[in-house]
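Descriptive structure summary
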Amino acid sequence: MNSTLYDVVIVGGSYAGLSAAMTLGRSLRNGLVIDSGLPCNRQTPHSHNLITHDGRTPGEIARIAREQVLAYPTVSFLTDKVITARREEDTFVLATENGVELSARKVLLATGVVDEMPDLDGFAPCWGVSILHCPYCHGYEVRGRKLGLLANGDTGYELTKLIQHWSRELVLLTNGPATFTDEQRDLIARLQVPVVESPVSRIDHENGQLRSVVFADGSRQPLDAMFTRLPIRQHHTLAEQLGCGLSTVPFPGLIEADEFGKTTVPGVYVAGDNSSPMRSVGVAISKGIMAAAWINRELIEEDLVRSSRVFTGLAEKS
């Protein structure tokens, strides 16, 4: 058992975790960041819509962030993977894959999510490169180009309305019979977006750069990029181990939390993609700052209560 009682252990050392660590370091808090080194955007060529860092690689942004965070003497970093977490009275105990056991007053889960990719040849190498999830992160770079939308039903309808703002050269691929309402079909038709219902067989690409979508009947649709929305799951069961609730609608699988990252379990906070549908570097950074500020506030309140009790006890004895 590690003899150090940390104020906060942050599980996940990407943008949300690092921004939280900086805020806690600047708050003079003894914090530890634990990260396994597998961010979900690791194959994305460039990060965009992040002021002062627009167009830099995700790895470069994270490297600079780690250097700046570790300049604060009360913050440390551990390359490892947390596998269990539990509460023991007023502290939390976490154990890692490499056999390290740690204790903390508060826990911040900044662990991101796993994208549930379809079993489609060529999809995975293109994900984050030319098959995209967010027009605010990547739409400008593919504006006006031949774009596909791989979606059906309400999701396909919403994506059609959204992405047509960036390009009029759209085709909607439903990967099977379309499931739109009459009203949805009418708007898609008015936007002059063709709908292809043929099942998708594979994605043709070159080093992750989409070239065309090949259908089961052998036909193909040339494309420069494609947008889609994937279901997600948590990286681990830590939130469940600690008793945190998961959302069902409208964004299933996210950890339930308020705007400051406070979960349904006292002392457990979240930040970033694991609890927010807005998946961007900028949002993750802001969520990390907000959660860390609220954690520090809570620690201050607890310390004041504890010192008040000590003072009262001493006064009674005297």
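The paragraphs below set out a description of the structure included in this document. On a predicted model such as this, the values are computed, not experimentally measured, just so you know.

**Examining unusual backbone geometry**
- The step from V249 to P250 runs through a cis peptide bond, and the omega angle for that step is 0°.
- Despite not being glycine, L28 has its phi angle at roughly 65°, a positive value.
- Structurally, L28 is set in the loop between α1 (15-26) and β2 (31-35).
- Residues other than glycine seldom take positive phi values, yet T52 does so here, at roughly 75°.
- Take T52: it is sitting in the loop between β2 and α2 (58-69).
- Here T52 falls in the exposed class, since its relative accessible area comes to 66%.

**A closer look at the sheet that holds strand β14 (residues 220-222)**
- Overall, antiparallel pairing links the 3 strands, which are arranged β12-β13-β14 in an open sheet. The open sheet is flanked by β12 (200-206) and β14, the only strands paired with a single partner. Looking at each pair of strands side by side, their axes are set apart by 25° on average, direction ignored.
- In this structure, strand β13 (residues 209-215) lies alongside β14, joined through 3 bridges in antiparallel fashion. Counted as the bridge partner of S212 is P222 from β14.

**Some remarks on α1**
- Helix length check: α1, at 12 residues, gives a terminal C-alpha distance of 17 Å against a target of 16 Å (1.5 Å per residue), a fit within 8%.
- Most of α1 is tucked away, with 10 of its 12 residues classed as buried.
- Taken together, the buried positions of α1 are Y15, A16, G17, L18, S19, A20, A21, T23, L24 and G25.
- Taken from the residues just after α1, L28 is the one with a positive phi, measuring 65°.

**Comments concerning the pairing of strand β9 (residues 147-150)**
- Burial along β9 is two-sided: the face carrying L147 and L149 and the face carrying G148 and L150 are both buried.
- When β9 meets strand β10 (residues 170-173), the two strands line up parallel, connected through 4 bridges. Bridging across to β10, G148 finds its partner in V171.
- Strand direction decides the pairing type here: β9 and strand β15 (residues 225-228), joined by 4 bridges, are parallel. Across the sheet, the residue bridging to L147 is A225, located in β15.

Parameters and conventions
Residues numbered from 1 in each chain as written. Predicted model: local features only at pLDDT ≥ 70, side-chain atom pairs only at ≥ 80, totals over all residues. Heavy atoms only, no water. Helix = DSSP H or I, 4+ residues; strand = E, 2+ residues; numbered from the N terminus. Buried < 20%, exposed > 50% of the residue type's maximum accessible area, 1.4 Å probe, protein only. Pairing = 2+ DSSP bridges. Axes fitted to C-alpha atoms, helices over the stretch in contact; angles between N-to-C directions. Expected span 1.5 Å × (residues − 1).

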